[in-house]
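Coordinate analysis (summary)
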Amino acid sequence: MSAAHTTSTAGTAVMILNSRGQYLLHLRDAHKPICDAGTWSLVGGGLEEGESLDEAIAREILEETGLVLPEVTPYTTTTAHGPYVTEENIHLYTAHWDGDAHALPVSEGIMFAWFDLSTMEQLSMCPWASEAIKTHHAEHPTPPLPGPRPAVGLGGAGAVKNVIGAHLFLERDGTTLLGLRHPSVAFAGGAWHALAGHVERESVSACLVREAYEEAGLVIDPADLTLVHTVHVLDHERADPRIQLFFTASRWAGEPAVREPDKCTAWTWWPLDALPERTVAYTRAAIDGIRAGTAYTELGWGTPAARRAC
């Protein structure tokens, strides 16, 4: 595709892939007058005055993700329809990046995440982006990863990064606080989950204090936090391993309130012996472990479903 200037009805978007054949998707705001609101879509946007297509997509990638990608290749064009569509002709590009989607800055929308094609079938997808990805995947099927892969849980796979999650286990009169995940979120939509967040460039306790206030309006002193359980999770063979740390707070200020309705729609105190059926599996395992007085659980590592050690 040439870098010639185009009309204002043209837009750009990029399919960013990693070495696992996953596509980077961007969750758009659900309650704004924008096209494809509340759906998972691709990074991109319209042209500014005097821009070429190539210049526009490079700017959009930088503005939305903070990335400067070395090779952004023209792929094809498609058409967008629907309310608030201002760029009908979408010029699609492809690029490659192997990084942590959750670590990307979110200047627009809600979040970034990697998804394979089968998982996308369960998402609320932007229609034109979904069709473009399906076409691209059919033309460029994911190649097998090089070399033999060791059995999960046997070790010897080399050093890999483990994503760290901070979770709050609050107990009051035989109940614990769980939040109902919004149906459109990338992880565990429609399920009940502990108050939690990914640890950024900060301590785990600082993350938990921040998330407690941002998500539920609870004020917690880091000195009142105590680590009570750890769950090491591998969702599937090619997933990033995750270390889920659960802390309890000896005291806190405030009552839980829904402060991020696009992520959590309700906070409820559930009896410890009657958790809701749709509770996130590792959260349920952690609560079981806490009640049993154990410190550690493994899930998905080729071991029994929940292996605990004192």
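Scroll up a little and you will see the structure.
A brief structural summary. (Residues numbered from 1 in each chain as written. Predicted model: local features only at pLDDT ≥ 70, side-chain atom pairs only at ≥ 80, totals over all residues. Heavy atoms only, no water.)

**Quick notes on the packing of aromatic side chains**
Using the following cut-off: Aromatic rings from Phe, Tyr and Trp, with only the six-membered ring used for Trp, were paired whenever their centres fell within 6.5 Å, and each pair was classed as stacked if the ring planes differed by under 30 degrees, edge-to-face if by over 60, and tilted otherwise. A helix here means a DSSP run of H or I that spans at least four residues, while a strand means a run of E at least two residues long, and both kinds are numbered starting from the N terminus. Classification of residues uses two cut-offs on accessible area relative to the type maximum, computed with a 1.4 Å probe and protein chains only: under 20% is buried, over 50% is exposed, and between them is partly exposed. Geometrically, a charge over a ring is one whose NZ (Lys) or CZ (Arg) sits within 6 Å of the ring centre while staying within 35 degrees of the ring normal.
Under the counting rule described, the total for this entry stands at 6 aromatic pairs. An angle of 75 degrees between the planes, with centres 5.0 Å apart, marks the rings of Trp40 and Phe115 as edge-to-face. Of this pair, Trp40 sits in strand 3 (residues 40-41) while Phe115 sits in strand 7 (residues 111-115), and the two are 75 residues apart along the sequence. The buried category is assigned to Trp40, whose relative accessible area is 1%. Classification of Phe115 by relative accessible area gives buried; the value is 6%. Every member of this aromatic cluster is reached through a ring pair, and the members are Phe187, Phe246 and Tyr282. For Arg259, the ring lying beneath its charged end belongs to Tyr213, and the centroid distance is 4.4 Å.

**As for empty space enclosed by the protein**
Definition in use: Using only the protein atoms, space was sampled on a 1 Å grid; points where a 1.4 Å probe fits but cannot get out form cavities, open sets with protein on both sides within 12 Å along at least five of seven lines form pockets, and lining residues are those with an atom within 4 Å of a point. Grid points are joined across faces, edges and corners, and a volume is the space filled by probe spheres set on the points. Put simply, Ala, Val, Leu, Ile, Met, Phe, Trp, Tyr, Cys and Pro go in the nonpolar bin, Asp, Glu, Lys and Arg in the charged bin, and everything else, Gly too, in the polar bin.
Tallying each qualifying case throughout the model produces 1 cavity of 30 Å³ or more. Estimated volume of the largest cavity: approximately 40 Å³. For the largest cavity, the full set of lining residues is Leu27, Arg28, Ala30, Gly38, Ile110, His182, Ser184 and Asp262. A per-class count over the lining of the largest cavity returns 3 nonpolar, 3 polar and 2 charged.

**Here we look at the nonpolar core**
Rules: By convention a nonpolar core is built from buried Ala, Val, Leu, Ile, Met, Phe, Trp, Tyr and Cys residues, the set being connected through side-chain atoms within 4.5 Å. By the convention used here, residues are in contact when the closest approach between their heavy atoms is within 4.5 Å.
One finds Leu25, Trp40, Leu42, Met120, Trp128 and Ile133 to be the most contacted residues of the largest nonpolar core, which totals 22 residues. Among the elements of the structure, strand 1 (10-17), strand 2 (23-27), strand 6 (89-96), strand 7 and helix 3 (127-139) are those that each provide at least two residues to this core. No other element matches the 4 residues that helix 3 contributes to this core. The residues contacting Met120, other than those within four sequence positions of it, are Tyr23, Leu25, Phe115, Met125 and Ile133.

**Quick word on the state of the cysteines**
Formally: Disulfides are defined as pairs of cysteine sulfur atoms found within 2.5 Å of each other.
Evaluated as defined, the whole model comprises 0 disulfides. Looking at Cys126, it has no disulfide partner, and the nearest cysteine sulfur is the one in Cys35, 7.0 Å off.

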